Amino acid sequence: MKRRLPFQVKLFLSLVGFSCLLLALLGAILFHVLDRQLHRDLGQRARVQATQIALMPGLAEKVAARDVSEIARLIQPLRNQSDASYIVIGDVREQHLYHSESPERLHLPMIGGDNAEVLQGKTIISMRKGGIGVSLRSKAPILDANHQVIGIVSVGYLTSYIANINARLLWQAGLYGLLLLILLFIFSWMFTRNVKRQMFWLEPKEIASLVLQQKALLEAMYEGIFAVNAEKQLILINRAARELLDIRQPENELIGKPIEKIVQTPLTFFDPTSAVDNRSLHDQITVLNQREVIVNRVPIEVEPGAERGWVFSFRDKNDINTLSSQLSQVKRYADNLRIMRHEQLNWTATLAGLLQMQRYDDAMRYIQAQSEGAQAVLDFVSTRITSPCLCGLLLGKFVSAREKGIELAFDPACQLTRIPSSISETALMSVIGNLLDNAVDATLKAHNSAAPVELYISDRNQELLIEVADQGVGIDDALKPHIFEQGVSSKPSDVHEMAGSDHGIGLYLAAGYINQAGGSIEVTDNSPQGTIFSVFIPFPAPVSTGQHHE
């Protein structure tokens, strides 16, 4: 299998390749500019030298006399000081009178064919091939006293000389280019490494796979999830969140909008002081778009301590309450079964012992005594309470309390033939179960734990009335206004209690069910000690049909 290069290496090679191509292109452009500028400068330098030589005193007379030796003696000092490749003096017949590099060409014709304009009195610059090679040269006319052209001065720079200058300049530019290329190598490697670090060392395909997995995961989750950046603009929202918050627009139309234009939140929802550590929130009850939900908030941190936004997950509070209630019911049923099994084992062991000792009369009396107590409670509850589930709950609580040494006393006037339509049977069981559990626990904490827990249930007078009275430790007056708030408990804390205790949940859930049913719950002091919880849930008024009969 062909091994693929990592993204960092690909990006590094791409940057290096592009940098090399860019440097090569810049080098070619620079070489072209320098070469053209060099030709222009050398052309002007040759023009100045040719003009100055043509105006030298005595040169015109020696050219007119064709005095070759005197011309050479006059020009040679200048040739020694000039950087030109050659200096040539010719007459009007275009024959050499002086050649600084090839003396053997004296009296031979000048080569190049560019003398016509010079003989007309003009100074020119041209690129022609002469006797010693191609050169950039300037020619100026030599004038006599009558301003007549009597000779030609040619000063030139061979192309090989120009090439040497270009090569030297190019070598220097190449050194700087190489240094720049090394710096680009270092920069490219650091840049690609930083990009890879920003990508958490993942390859682009891995990032694309994670994005697809994230989308699938968000759409598959039952909880609503949305995320905002530091400017409180929406950057993510899943389908469940849109459904729970009754948002009709698709996700692509919501992304980038301020969250307050999409979700109606309480004023303190984004207040950092509302979080325990100014960053995270867990199981906060709030209202989003007129729906009561339970929210968790987690910060988005690219680096530790640097928040770039927040992710919120939430579920409908009713769903949580239902699950909590169902779980509480299951736990209570399990506890009741365990207690009843324990008692049955004790009864069975006692009965087995009596039978083994052949004390049959005592065994019969024991069976009758045990069945009479249980049967009396069973008959009373099943006669006065029409709900089978509620009967089972009350019998279980009776047995559970008796095992703990507490008597659960039912008021003789108890009666429940109907349940208000505003509260479900499950919710009502949760209310009664939580109140009885609290009463039993409070009685166990008291010094006099022999006092009974009393229960009164009545559906008379167009309202459901529930009273649970105990003679336990009671509730402090300062705690009473907050006893139904989440996390507030009347139970004394125990240092040995396991972390994650559900104290402060039972009364909170019970009060929530009662408020949803349009009822109320009151807490008062019992006499001589303890607490009385009173629940009032009205029955809905019958709907009038508007018909009258005489």
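As shown above, the structure is provided for reference.
Notes on the structure in this doc start here. (Residues numbered from 1 in each chain as written. Predicted model: local features only at pLDDT ≥ 70, side-chain atom pairs only at ≥ 80, totals over all residues. Heavy atoms only, no water.)

Thoughts on the overall build of the chain
For step 1, the next point in the chain: In terms of regular secondary structure, the chain is built from 13 helices and 15 strands.
For step 2, the next point in the chain: In the chain, buried positions account for 37% of the 550 residues.
For step 3, the next point in the chain: Across the chain, contacts joining residues at least 24 apart in sequence account for 55% of those joining residues at least 6 apart.
For step 4, the next point in the chain: Total accessible area on the chain is roughly 32,200 Å²; 58% of this is exposed by carbon and sulfur atoms. (Helix = DSSP H or I, 4+ residues; strand = E, 2+ residues; numbered from the N terminus. Buried < 20%, exposed > 50% of the residue type's maximum accessible area, 1.4 Å probe, protein only. Contact = heavy atoms within 4.5 Å. Areas by Shrake-Rupley, 256 points an atom, 1.4 Å probe, with all protein chains shown as cover.)

A closer look at the pattern of salt bridges
For step 1, the next point in the chain: In total, this model carries 15 salt bridges according to the counting rule given.
For step 2, the next point in the chain: Its salt-bridge partner being D316, residue R291 comes within 2.4 Å of it at the nearest N-O pair. Linking R291 in strand β9 (residues 291-303) with D316 in strand β10 (residues 306-316), this pair joins segments that are 25 residues apart in sequence.
For step 3, the next point in the chain: Taking the relative accessible area as the measure of exposure, D316 reaches 8% and is therefore buried.
For step 4, the next point in the chain: Here D477 ties to K480 by a salt bridge, and the two come within 3.3 Å at their closest N and O atoms.
For step 5, the next point in the chain: For D477, a relative accessible area of 57% translates into the label exposed.
For step 6, the next point in the chain: A relative accessible area of 17% places K480 in the buried class. (Salt bridge = Lys/Arg side-chain N within 4 Å of Asp/Glu carboxyl O.)

Let's talk about the sheet that holds strand β14 (residues 520-525)
For step 1, the next point in the chain: Across the sheet, five strands lie side by side as β11-β12-β13-β15-β14; this open sheet has mixed pairing. The open sheet is flanked by β11 (408-410) and β14, the only strands paired with a single partner. Adjacent strand axes in the sheet meet at a mean angle of 15 degrees when their direction is disregarded.
For step 2, the next point in the chain: Of the pairings in the sheet, the one linking strand β12 (residues 453-458) to strand β13 (residues 463-470) comprises five bridges and is antiparallel in character. Note that in β13 the partner of Y456 across the bridge is E467. (Pairing = 2+ DSSP bridges. Axes fitted to C-alpha atoms, helices over the stretch in contact; angles between N-to-C directions.)

Quick notes on the sheet that holds strand β1 (residues 86-91)
For step 1, the next point in the chain: Strand order across the open sheet formed by five strands is β2-β1-β5-β4-β3, with antiparallel pairing between neighbours. Every interior strand has two partners, whereas the edge strands, β2 (96-99) and β3 (124-130), have only one. When strand polarity is set aside, the average angle formed by the axes of neighbouring strands in this sheet is 25 degrees.
For step 2, the next point in the chain: The pairing of β1 with β2 spans three bridges and is antiparallel. Bridge pairing in β2 places G90 opposite H96.
For step 3, the next point in the chain: In the packing of helix α1 (residues 7-54) onto the sheet, contacts are made with β1, β3, β4 (133-143) and β5 (149-158), and the angle to β4 comes to roughly 35 degrees.

So, the side chain of S188
For step 1, the next point in the chain: Here S188 is to be found in helix α5 (residues 159-198).
For step 2, the next point in the chain: Setting aside residues no more than four positions away along its own chain, S188 makes contact with F12, L15 and V16.

Thoughts on the packing of aromatic side chains
For step 1, the next point in the chain: In total, this model carries nine aromatic pairs according to the counting rule given.
For step 2, the next point in the chain: Aromatic pair F380 and F410: ring centres 6.1 Å apart, planes at 45 degrees, arrangement tilted. With F380 in helix α10 (residues 360-384) and F410 in strand β11, the pair connects residues that are 30 residues apart, well separated along the chain.
For step 3, the next point in the chain: You can call F410 buried: its relative accessible area is 18%.
For step 4, the next point in the chain: Here the aromatic residues F12, F185 and W189 are joined through ring pairs into a cluster of three or more.
For step 5, the next point in the chain: Taking NZ or CZ as reference, R418 lies 3.9 Å from the ring centre of F539, over its face. (Phe/Tyr/Trp six-rings, centres within 6.5 Å; stacked < 30°, edge-to-face > 60°. Lys NZ or Arg CZ within 6 Å of the ring centre and 35° of its normal.)

Focus: the side chain of D114
For step 1, the next point in the chain: Along the chain, D114 falls in the loop between β2 and α4 (116-119).
For step 2, the next point in the chain: Within polar-contact distance, the side chain of D114 engages the side chain of S126 at 2.7 Å. (Polar contact = N/O pair within 3.5 Å; in protein donor to acceptor, adjacent residues only side chain to side chain.)

Some points on the packing of α1 against α5
For step 1, the next point in the chain: Between α1 and α5, the least distance of the axes is 9 Å, while the angle of their chain directions is 160 degrees. Here α5 runs roughly antiparallel to α1, going by the angle between their axes. At the point where α1 passes α5, the crossing takes the right-handed sense. (Parallel < 35°, antiparallel > 145°, perpendicular 65-115°, else oblique. Left-handed = near helix turned anticlockwise from the far one by under 90°.)

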